[in-house]
Amino acid sequence: MSSQTGAVPLLVRDMTVAYQKKPVLRNVNLSVPEGKLIGIIGPNGAGKSTFIKAVQGLIPTASGTAEVYGKPFSQQRRSVGYVPQRESVDWDFPTDALDVVLMGRYGRLGWFRRPGKADRQFALDCLKKVGMADYADRQISQLSGGQQQRVFLARALAQEAQLYFMDEPFAGVDAATERAIIQLLNDLKKQQKTVLVVHHDLQTVDEYFDWVILLNRRVIAAGPVKEIFTAENLQKTYGGRLQVLGTQVLLTNDKTSGEADAT
């Protein structure tokens, strides 16, 4: 899409988000390139989840704008896929895995047009890509946490988006799900999709991502991992909670996985 319009997948200008008049994100300016796997990194409470919700209009902003391929998000919903934190989903809702994935098709169908045979087959193909085809008829409440996460990844695939936001997809998952997510990310990259991932594990950043956004209520630094993911920038992002020992990065007084942002 960007090759046709010349616009970048995501452009954020002067975005500020405040809760009860207290800024949570302040003056965020960001432009992300196409076809990259982008990690959003920062301590708990830094506003990482708030950021990806704000650019999608899921929470109000105090100021600033966000554009997807040169247009407001409201005009580009079909171009965006979203995988929320698993803890934020009502998994007791009475529906099966295939129906959850089919929900990803409604952006293209419209809410008053029922999915057809081709849509159901496409949804099944998406489940197959994340190793969940055999669970298509299983109630989502009967799935394990890792299986539920893979179903939501399949739903995002069913949207056929150009830009994806994933909020802590690796948090608390089993090894099989982690491998499925990594494979999915690499497949999306091969298709020139752009993926922004809220991520906590500093040890895997250079393995999983091409680009990184270091965020702590403001953008500390953003760019290619090899240039930006440095001890100096990490110290600026995490402050006294970070120690760098050779090639190992240690966090102190900060839980690094399985926990949502305070904001």
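Per an unreviewed UniProt entry, the protein is named Protein MntB, and its organism is Brevibacillus borstelensis AK1. What UniProt states about the protein under its Sequence similarities (unreviewed entry) heading is, verbatim, "Belongs to the ABC transporter superfamily."

Chemist: Give a detailed account of the side chain of Gln 85, specifying residues and quantitative values.
Modeler: Here Gln 85 lies in the loop between β6 (80-83) and α3 (97-102). Looking at Gln 85, its side chain comes within polar contact range of the side chain of Ser 49, at 3.0 Å. Of the polar contacts made by the side chain of Gln 85, one reaches the side chain of Glu 168; its length is 3.2 Å.

Chemist: Explain unusual backbone geometry residue by residue, including any values.
Modeler: In this structure, Asp 14 is a non-glycine residue whose phi angle is positive, near 50°. In this structure Asp 14 comes out as partly exposed when scored by relative accessible area, which is 44%.

Chemist: Could you give an account of the pairing of strand β2 (residues 22-32), naming the residues involved and the relevant values?
Modeler: Alignment of strand β1 (residues 10-19) against β2, held across seven bridges, turns out to be antiparallel. When the bridges of β2 are listed, Met 15 appears paired with Val 28. Connecting β1 to the next strand, β2, in antiparallel fashion are two residues, including Gln 20 with a positive phi near 50°.

Chemist: Tell me about the sheet that holds strand β9 (residues 211-215), residues and numbers included.
Modeler: If you walk across this open sheet you meet the six strands as β6-β7-β8-β3-β9-β10, and the pairing is mixed. Every other strand in the sheet has two partners, leaving β6 and β10 (219-224) as the edge strands with one partner each. Going from strand to strand, the sheet's axes swing by 15° on average, the running direction of each strand aside. Alignment of β6 against strand β7 (residues 163-167), held across four bridges, turns out to be parallel. Bridge pairing links Gly 81 to Tyr 164 in β7. Against the sheet, helix α2 (residues 48-55) engages β3 (37-41), β6, β7, β8 (194-198) and β9, with an angle of about 145° to β7.

About the criteria used
- Residues numbered from 1 in each chain as written.
- Predicted model: local features only at pLDDT ≥ 70, side-chain atom pairs only at ≥ 80, totals over all residues.
- Heavy atoms only, no water.
- UniProt positions renumbered as here; feature names shortened; annotations may be inferred.
- Helix = DSSP H or I, 4+ residues; strand = E, 2+ residues; numbered from the N terminus.
- Polar contact = N/O pair within 3.5 Å; in protein donor to acceptor, adjacent residues only side chain to side chain.
- Buried < 20%, exposed > 50% of the residue type's maximum accessible area, 1.4 Å probe, protein only.
- Pairing = 2+ DSSP bridges.
- Axes fitted to C-alpha atoms, helices over the stretch in contact; angles between N-to-C directions.
- Contact = heavy atoms within 4.5 Å.

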